[in-house]
Every structure is written in structure tokens, then in C-alpha cells.
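# Geometric and topological summary
The chain contents come next:
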Amino acid sequence: MTEQRWTTAELIALRQQGDPLADQMIEEIHAAGGMPAVRRMNAFLQNFNAPIPDWVPDSVRDYLKAPAPLPVWIDPAQIDRARALFTVYALPTLLIFWIKSAAQCFSADNGSHTFFRRKIFHPAALRSFMVEITQLICDVMTEGGLNSGEQGEKGRGIVALQKLRLHHAFVRFVLKNDKKNPWDPAWGIPINFDDTAGFTAAFCLFNLQGLDMLGISLEERDREATRTMWSAMGFYLGVPESCLARELAEAEALLADFGRREFCHSEDGSALAHDLIDTMKGLMPFFLKAAPHVLVWAVMEQRFREYLNIRRPGPVSRFVAWLIGKVLTETHLLVHLGGPVSKRLIQGLTRVERVGSRGEFRLPADMAKYFHLPLPVARPWESPPSGEGRSE
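Residues numbered from 1 in each chain as written. Predicted model: local features only at pLDDT ≥ 70, side-chain atom pairs only at ≥ 80, totals over all residues. Heavy atoms only, no water.

### A few points about the side chain of E250
- Looking at the secondary structure, you find E250 in helix 10 (residues 248-262).
- A residue is classified by how much of its surface remains accessible, and E250, at 0% relative accessible area, is buried.
- A distance of 2.7 Å separates the side chain of E250 from the side chain of R5, its partner in a polar contact. (Helix = DSSP H or I, 4+ residues; strand = E, 2+ residues; numbered from the N terminus. Buried < 20%, exposed > 50% of the residue type's maximum accessible area, 1.4 Å probe, protein only. Polar contact = N/O pair within 3.5 Å; in protein donor to acceptor, adjacent residues only side chain to side chain.)

Spelled out as C-alpha cells, the structure:
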């Protein structure tokens, strides 16, 4: 393992710091045009693929237009490999992201207050949140999504992540200046880099754990490629390089440190986790309505079930959940349940009406074939023929 480049004290200090680059841009916009200008900018930022309009300030325009190369320690070949893996395992990856990774991260109590204050608990808002984050992941994972712009067009995945970084600054600005409902400094600055670094490591490792549970055991080099991709995403969100994992072991150390300090029982996180389950149920056909609760309960670690008050499924589904727990390692029953649920979940998200002029939900061309309803859909986690779907 590489020498640890951070200390717990340094991570804790990040909880009281914002993002100087992004925060300054939002503050300048407010100084020039007040809250109407800030809200107008935020509407643009949440449209990840919108072209830059004429009214956008030069500071924001230059930031989004300028080439954005990755640090030298991030291997582009690893990025290509991670993208190829996503092409093969897109559906289970997105499913695990929602039923395990995101759900478990809601137990970060200090961070969950941000979601609560931004009223993401409203069902329509939560559906929109799921759509936009899924779209962002797809933009990052599409071919050329992380093209730096030094040669050729800047990747839409980079632009989407940079817009999200600026949106985080908008959220910080609004919450810190809320006079009616003041922000508690004990929670740390909203969307601070300690949270972002911790969540980046968590999303990587929780997703790998979930894929293992689905019977998808990636080779070590594929697991490292996945870690590289999440570190690249963290970099474009502004996380200091010292807090980005350069090896899986370092990601595990970051998550362990963050988890000891932040994962706990959370009323706000529990409410969000249950609303997430209900939202996924609403995207399912009748015969799969019980599946989201069953799957969340099945893949979630026991401590997170307790933190978030995720109880065993009801009487009708309880036997299925028990059966999953008993035979998972023998028959991979969870794989068979996860397949149709992941497909239905993404199909449901593509039908959610997007806010404003965000356009249609777009999938990478090489995975869109899985969603042509008239066509038979193969199990998305079947291994590709030898030599296909992988980047050496």
C-alpha cells in the first residue's frame, strides 16, 4: 500500500471548509444579481448537458470550457477498462448503486441533513434526483465521457461533474444563508470535502460488495479500475488529491475512517432510505412491487439496517427474503431477482418527466440495446465472449 497521504485530523478539518473555487463563483454571481441570478445559474447547472448560454459569467464559462486533464497518477487505460466493465455490467451496477451504496450512505447523519433541508424527501424530487444522478453516471461512463478536452471535445461526463460541483456550491450558499432555519455548524459545512471523499470511497467499495453478492466477482485489476474511475469522479468534484484513493486498500482505509466518525443512526437518513424504497416500488410493475424492499434488506449490511430502521420485509415477502439469505451463495437467486428489477428500474427512470428543459434521459449507445422493449434482453451480467467488452 502507498504511504497514507492524509490524517483523521485533516479529514475532520475539511468538514469546516467549503470549496473555494466553486464557492467564489456563486458568491460573485450573487453579488452581481442577487438570489434571482443564483437560482437562474443553478437551473442551468442542473441541466448537465445544456449548452452554455450567453448570460453565463466568464468565470463559469471558462471553468466549463477549459481543458481538464486528470492527475498523472490516474491511468487513462484504467478509465477505459472501467468504462468497458460498465458496458457489460451496467444494469447490476446501477441497481446496486441505489439499493446498497446510496442507501447505506444515507446513514451519514451529518451529511443527510443536507438532503433533508433541500426537500429531497418529496417523492417527485426524489425521482428527479434518481434520474439526474443516474444520467450523470451514464454520461461519465459513455465513450469519451472523461475526455480532458486537450485533444478533441471535452467529455460530457467531466462537464456534468463540474456542473455538479458548482451546484454543490449553490446548496452550500443557500443553506448557510438561510435565516429562518439556520444551519447547525456542528454538522460541518454542507457538502464538505470530507463527505465527498468518504462517499466516493463508499460508492466504490459498496458497489463492489454488491456485485459480489450478485455473483459478479471481478478480477483484482477490474476492481482497481473501478476504484480509479471513482477517484477520477472525486477529482472533478474538487476533492483534494490527498483524499482520493490510489489503491483499493487506501479506499478501504478512507471509508473506515469516515464510517467510524459519520455512520450512525440517522432519522433524516432513515426517512430518505424508506422514501427511496417507496420510490423504486413506484417504478416497478405490480408483480415486482415487493422486490425493492426485499433487495435493499438482502444486500444491506446489518449495521446499516439498524442505523436506517430497515426492517425485514412484510409477511408476503418475508419468505422470499429468507430464501435469498439461505440460498444466495448456492444458487445466486438474488441474481435472478436483480435482473428484472434493474431493467425495470432503469426503464422506469427513463419515463420520469425531467424538470425544465433537460431533455430526454440518454443512455450510452453501447448499453441502450438492453432497453429496447420489443427485443429480447439478455441477462446484463453474463460475461461477454472472450476478448469482447474489456479494455486491456
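### Comments concerning the packing of aromatic side chains
- All chains considered together, the criterion is met by 14 aromatic pairs.
- Centroid distance F206 to F304: 5.7 Å. Interplanar angle 75 degrees. Geometry classified as edge-to-face. Taken as a pair, F206 in helix 8 (residues 193-213) and F304 in helix 13 (residues 302-308) lie far apart in primary sequence, 98 residues in all.
- Plain terms: the ring middles of F263 and F304 are 5.1 Å apart, the flat faces sit at 80 degrees to each other, and that makes the pair edge-to-face. (Phe/Tyr/Trp six-rings, centres within 6.5 Å; stacked < 30°, edge-to-face > 60°.)

### Quick notes on the packing of helix 2 (residues 20-45) against helix 7 (residues 156-176)
- Running from N to C, helix 2 and helix 7 cross one another at 95 degrees; their axes reach a closest spacing of 10 Å. Compared by their axis directions, helix 2 and helix 7 come out roughly perpendicular.
- Looking at the contact of helix 2 with helix 7, its residues break down into 13 nonpolar, 3 polar and 6 charged. (Axes fitted to C-alpha atoms, helices over the stretch in contact; angles between N-to-C directions. Parallel < 35°, antiparallel > 145°, perpendicular 65-115°, else oblique. Nonpolar A, V, L, I, M, F, W, Y, C, P; charged D, E, K, R; others polar.)

### Regarding the pattern of salt bridges
- One pass over the structure, following the stated rule, counts 15 salt bridges.
- Among the salt bridges present, the one from R15 reaches E262, with a minimum N-O distance of 3.5 Å. Here R15 is found in the loop between helix 1 (8-14) and helix 2, whereas its partner E262 is found in helix 10, with 247 residues between them in sequence. The burial state of R15 is the same as that of E262; both residues are buried.
- Here D194 and R261 are joined by a salt bridge, their closest N and O atoms 2.9 Å apart. A residue pair is termed long-range when its members are at least 10 positions apart, and D194 in helix 8 and R261 in helix 10 qualify at 67 residues.
- Judged by relative accessible area, D194 falls into the buried class, the value being 1%.
- Through salt bridges with shared partners, a single ionic network connects R15, D194, D195, D257, R261 and E262. (Salt bridge = Lys/Arg side-chain N within 4 Å of Asp/Glu carboxyl O.)

### As for helix 9 (residues 220-236)
- The end-to-end C-alpha distance of helix 9 is 25 Å, a good match for the 24 Å that 17 residues give at a rise of 1.5 Å each.
- Among the 17 residues that make up helix 9, 14 are buried, leaving the element largely enclosed by the rest of the structure.
- After helix 9 finishes, the residue G238 shows a positive phi value of roughly 100 degrees. (Expected span 1.5 Å × (residues − 1).)

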